[in-house]
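So you can see what is in the structure, the chains are spelled out below.
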Amino acid sequence: MDTDDNNENQGEEENQPNASSLVEKIQQLGQANVPQAPDSNIHVLSIIGQVEGHLQLPPQNKTTKYEHLLPQLIAVEQNPKIEGLIILLNTVGGDVEAGLALAEMIASMSKPTTSIVLGGGHSIGAPIAVATDYSFIVPTATMTIHPVRLTGMVIGVPQTFEYLDKMQERVIQFIVEHSNIDSEKLKELMFAKGNLTRDIGTNVVGREAVDYGLIDEVGGVKEAIQKLNHMIQGARPEKEEGDAS
């Protein structure tokens, strides 16, 4: 009798983790079975919500903490199994310096990279979107191009304006260097009046972003993966020649 009871208890204990795991999946994802991605040579990195910088945002804000992404980018660069990177963007913008840090990290990677602007690539999301080797935007996605703003207490002295102007120039220079838009056109979009309610700037949608030269092509997941695989294939012979030498 004791042996049977022990066996029954062990069986219950083994089933409990499976049951709790199933309940957790339903609570988190709304379904019991979650599709598992196979081992792939492409890594996907999401930048969702607001780019959180030096100040922690309220808990109800959906944020992407840049200090979490920087080590991931280093890990992707160092991992020999990963040959390409896709950046998924649906962001309202956020901290300027944090966004530029992410953009510079992505631009400096040796492995092929593509980006997809899905819902929005607003504000500091624009430099991140153009930082990759090739950028895509879906037809319904939007990108808001506007000047840098300061929040909190602002000291009304000429030095404050000079600091803001230099920060603005950093953003403009990065976007121009990593896309096909020229400086004058970008500034025209950035300082336009009447396009945005209670603000200055321009909201560009899908095809418009490509026509302005900000984004390379209209497309989604299929196009981004196809382009990335093509770039990976092109990069492989160079690696083999380097190893042989």
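Scroll up to find the structure this text is about.
**Student:** Quick question: what am I supposed to make of the pairing of strand β3 (residues 84-94) here?
**Tutor:** Residues in a regular strand point their side chains to alternate faces of the sheet. Pairing between strand β1 (residues 42-52) and β3: ten bridges, direction parallel. Residue pairing in the sheet places L45 in a bridge with I87 of β3. Pairing of β3 with strand β4 (residues 113-121), which is carried by six bridges, proceeds in the parallel orientation. Each bridged residue has a counterpart across the sheet, and for I87 the counterpart in β4 is S115. With helix α3 (residues 96-107) bridging β3 and its parallel neighbour β4, the resulting β-α-β unit is right-handed.

**Student:** Where do I start with the pattern of salt bridges in this structure?
**Tutor:** Side chains that differ in sign of charge can pair as their charged atoms come close. Counted by the stated rule, this structure contains one salt bridge. Here E188 makes a salt bridge to K185, at a shortest N to O gap of 3.4 Å. Of this pair, E188 and K185 are both found in helix α6 (residues 183-190), three residues apart, which corresponds to roughly one turn of the helix. With relative accessibility at 48%, the residue E188 sits in the partly exposed group. Exposure remark for K185: the relative accessible area of 24% places this residue in the partly exposed category.

**Student:** Quick question: what am I supposed to make of the packing of aromatic side chains here?
**Tutor:** For any pair of aromatic rings, the description rests on two quantities: the centre-to-centre distance and the angle between the ring planes. Inspection of every chain in the model, using the stated rule, returns one aromatic pair. For K227, the ring lying beneath its charged end belongs to Y134, and the centroid distance is 4.4 Å.

**Student:** Before we go on, may I ask you to explain the environment of D39 in this structure?
**Tutor:** Looking at the secondary structure, you find D39 in the loop between α1 (2-29) and β1. Judged by its relative accessible area of 84%, D39 is exposed. Along the primary structure D39 and K81 are separated by 42 residues, whereas in three dimensions their C-alpha atoms are 9.5 Å apart.

**Student:** What is the right way to read the side chain of T132 from this model?
**Tutor:** Tracing the backbone shows T132 in the loop between α4 (125-130) and β5 (134-137). Accessibility expressed as a relative area gives 7% for T132, which makes it buried. One polar contact links T132 to S115, side chain to side chain, over a distance of 3.1 Å. At 3.0 Å, the side chain of T132 forms a polar contact with the backbone oxygen of Y134. Look past the residues within four positions of T132 in its chain and what remains in contact with it is I87, I106, T113, T114 and S115.

**Student:** Got a minute to help me understand the pairing of strand β6 (residues 142-145) in this structure?
**Tutor:** What you see with β6 is no split at all: T142 and T144 on one side and M143 and I145 on the other are buried throughout. Bridge count between β6 and strand β7 (residues 202-205): four bridges; the pairing is antiparallel. Within the sheet, the bridge partner assigned to T144 lies in β7 and is N203.

**Student:** Is there a simple way to think about the packing of helix α2 (residues 66-78) against α3 in this case?
**Tutor:** Think of two packed helices as two axes; the pair is described by the angle between the axes and how far apart they sit. For the pair α2 and α3, the least separation of the axes is 10 Å and the interaxial angle reads 10 degrees. When the axes of α2 and α3 are compared, the pair comes out roughly parallel. Taking contact as the criterion, the partners of Y66, L69, L70, L73 and I74 in α2 are, on α3, A98, A101, L102, M105 and I106. Looking at side-chain class alone, the contact of α2 with α3 contains ten nonpolar, no polar and no charged residues.

**Student:** Just to check I follow, could you spell out α2 for this structure?
**Tutor:** Each full turn of the α-helix corresponds to 3.6 residues, which orients residues three or four apart in the same direction. Here α2 spans 19 Å end to end across 13 residues, near enough to the 18 Å set by a 1.5 Å rise per residue. Listing the buried residues of α2 in full gives Y66, L69, L73 and V76. Along α2, the residues classed as buried sweep out an arc of 75 degrees about the axis, all on the same side. For α2, the secondary structure elements touched by its buried residues are β1, β2 (63-65), β3 and α3.

The rules behind each value
Residues numbered from 1 in each chain as written. Predicted model: local features only at pLDDT ≥ 70, side-chain atom pairs only at ≥ 80, totals over all residues. Heavy atoms only, no water. Pairing = 2+ DSSP bridges. Helix = DSSP H or I, 4+ residues; strand = E, 2+ residues; numbered from the N terminus. Right-handed = clockwise from strand over helix to strand, strands pointing away. Salt bridge = Lys/Arg side-chain N within 4 Å of Asp/Glu carboxyl O. Buried < 20%, exposed > 50% of the residue type's maximum accessible area, 1.4 Å probe, protein only. Phe/Tyr/Trp six-rings, centres within 6.5 Å; stacked < 30°, edge-to-face > 60°. Lys NZ or Arg CZ within 6 Å of the ring centre and 35° of its normal. Polar contact = N/O pair within 3.5 Å; in protein donor to acceptor, adjacent residues only side chain to side chain. Contact = heavy atoms within 4.5 Å. Axes fitted to C-alpha atoms, helices over the stretch in contact; angles between N-to-C directions. Parallel < 35°, antiparallel > 145°, perpendicular 65-115°, else oblique. Nonpolar A, V, L, I, M, F, W, Y, C, P; charged D, E, K, R; others polar. Expected span 1.5 Å × (residues − 1). Arc of directions from axis to C-beta.

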